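Spelled out from the first residue to the last, the chains are:
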Amino acid sequence: MVATTAITVTGPLPWQQRQWQRMHEALANDRFPHALLMTGRPGAGKRLFADALMARLLCLQVTADGQACGHCRGCRLRLADNHPDIFLLQPLPDKQEIIIDQIRALIDDLATTAQQGGYRVVIIDPAERLNSAAANSLLKVLEEPGESLLFCLLSSQAMRLPATIRSRCQHLPFPLPLAAEAEEWLRQQLPRPEQSQSLLVAAFGSPLTALQLSRREDAAENPVSAQLLALLQGQSSPVEVAASWLQAGSQETLDKLYACLAQLLRLQWVPAPATVDPVLQKLHQQLQLEGRHADALYSMLDSVHELLRLQGTSLNQSLLFEALAIQWLTTE
Ligand SMILES: [Zn+2]
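Residues numbered from 1 in each chain as written. Predicted model: local features only at pLDDT ≥ 70, side-chain atom pairs only at ≥ 80, totals over all residues.

1. Considerations on the overall build of the protein chain
Now for step 1: Within the protein chain, the secondary structure is distributed over 15 helices and five strands.
Now for step 2: Overall size of the protein chain, expressed as C-alpha extent along the three principal axes, is 65 × 40 × 35 Å.
Now for step 3: A sequence separation of at least 24 residues applies to 75% of the contacts in the protein chain between residues at least 6 apart. (Helix = DSSP H or I, 4+ residues; strand = E, 2+ residues; numbered from the N terminus. Contact = placed C-beta atoms within 7 Å.)

This is the structure we're talking about:
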């Protein structure tokens, strides 16, 4: 999984003011929903918004402008990752899905934990990973939610959720910001603001994804580009390359692979800037020569993404890396 961005949550992002206002009014008018379905493309900032909203609901001394104070007991417990009224549901590290046992455990926790005097907030991210048994079990809770309980279901593929779940949530869409707004925000986050435009192109207009790409690139002086080239030119075997990736550290290698693939994708659309690494440039030319296009790069990116998600599990890393190297050789 792509690492979360290290942005401190103090309130909504600049392009989320409308949604924030809507929540603020619902609270003020005592019409706050018990379940929200937050939808939008990856990188639209759904999770940051959910976190900001959660912070607001758990704060015991909300500021005059409607944000969490950052120092009351509720805020301190939340900032220490120790708030008993926060429940986060994600697929377990070794699973693709959110399973019914997780929902059962949640229901038990909700029934037995004492509330700290404010809201209780359940974040389900990504909600489309609920399997059907888990979704059915969740449905029962959504039908009879307790007092002061908020479910935030986050999804970039909401149509994969059962209609029964969707119909019990208030829908809160998160479109991507306009290009100018995205760029203005991104420029403020980057040590080299002049990169903002090209990063946004590579991230399909999503400022948060662009920020992640920039951090990956900073971390990546790319020996992996040389290894990928050696594989294509038959100078090295998948077993050898996989072994050196493992030796370099799997998380680090995956970050570098991600950055390298993102740069290669960018080269498909925009002419190489003068600063591009010559090995990367050569790799790009080799791919063109072999008639490999964006699809092959996307499918590699998917696999790298999946391996990032599987980090920390007991799966055989060496086999996974060999499979990745073979995929690089064979995907067209
Ligand atoms: Zn507070």
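2. Structural notes on the domain arrangement of the protein chain
It is common to give the size of an interface as the accessible area that goes away when the parts come together.
Now for step 1: Examined at the domain level, the protein chain breaks down into domain 1 (14-173) and domain 2 (219-330).
Now for step 2: Relative placement of domain 1 and domain 2: their C-alpha centres are 36 Å apart. (Domains from an automatic or database assignment.)

3. Overview of the sheet that holds strand E5 (residues 170-173)
Now for step 1: One open sheet accounts for five strands, arranged E2-E3-E4-E1-E5; its pairing is parallel. Each of the sheet's edge strands pairs with one partner strand only, and the pair in question is strand E2 (86-89) and E5. When strand polarity is set aside, the average angle formed by the axes of neighbouring strands in this sheet is 20°.
Now for step 2: Bridge analysis of strand E3 (residues 120-124) against strand E4 (residues 149-155) gives five bridges, and the strand direction is parallel. In the sheet register, Val121 faces E4, and the bridge partner there is Leu150. (Pairing = 2+ DSSP bridges. Axes fitted to C-alpha atoms, helices over the stretch in contact; angles between N-to-C directions.)

4. Looking at unusual backbone geometry
Now for step 1: The peptide bond linking Asp125 to Pro126 adopts the cis configuration, its omega dihedral lying at 0°.
Now for step 2: Mapping Pro126 onto the fold places it in the loop between E3 and helix H5 (132-143).
Now for step 3: Not every positive phi belongs to a glycine, and Asp81 is a case in point at roughly 60°.
Now for step 4: When you line up the elements, Asp81 lands in the loop between helix H3 (73-79) and E2.
Now for step 5: Take Asp81: there are 7 C-beta atoms within 10 Å of it, and that puts it in the exposed class.
Now for step 6: Of note, the phi angle at Ser148 is positive, near 50°, even though the residue is not glycine.
Now for step 7: The residue Ser148 is located in the loop between H5 and E4 in this model. (Buried ≥ 20, exposed ≤ 12 C-beta atoms within 10 Å, placed from the backbone.)

5. Considering the nonpolar core
Now for step 1: The biggest cluster of nonpolar side chains holds 78 residues, and the ones touching the most others in it are Leu36, Met38, Val121, Ile124, Cys152 and Leu153.
Now for step 2: Taken together, domain 1 (14-173) and domain 2 (219-330) each give at least three residues to this core, which thus spans both.
Now for step 3: Not counting residues up to four positions away in its chain, the partners in contact with Val121 are Met54, Leu57, Leu58, Asp85, Ile86, Leu150 and Cys152. (Core = buried A, V, L, I, M, F, W, Y, C linked by C-beta atoms within 7 Å.)

6. Brief notes about the packing of helix H10 (residues 223-232) against helix H13 (residues 278-289)
When two helices pack together, their arrangement is given by the angle between the helix axes and the distance between those axes.
Now for step 1: Contact geometry of H10 with H13 gives a least axis separation of 9 Å together with a crossing angle of 35°. In terms of crossing hand, the pair formed by H10 and H13 is left-handed. For the pair formed by H10 and H13, the contact residues are Ser225, Ala226, Leu228, Leu229 and Leu232 on the first element and Val279, Leu280, Lys282, Leu283 and Gln286 on the second.
Now for step 2: Within the contact of H10 with H13, the residues separate by chemical class into seven nonpolar, two polar and one charged. (Left-handed = near helix turned anticlockwise from the far one by under 90°. Nonpolar A, V, L, I, M, F, W, Y, C, P; charged D, E, K, R; others polar.)

7. Some thoughts on the confidence of the model for the protein chain
Now for step 1: Summing up the model confidence of the protein chain, the mean pLDDT is 85 and the portion of residues at 70 or higher is 93%.
Now for step 2: In this model, residues 1-6 is a region of pLDDT below 50 whose contacts with residues beyond four sequence positions or in other chains number nine contacts. (pLDDT = per-residue confidence, 0-100.)

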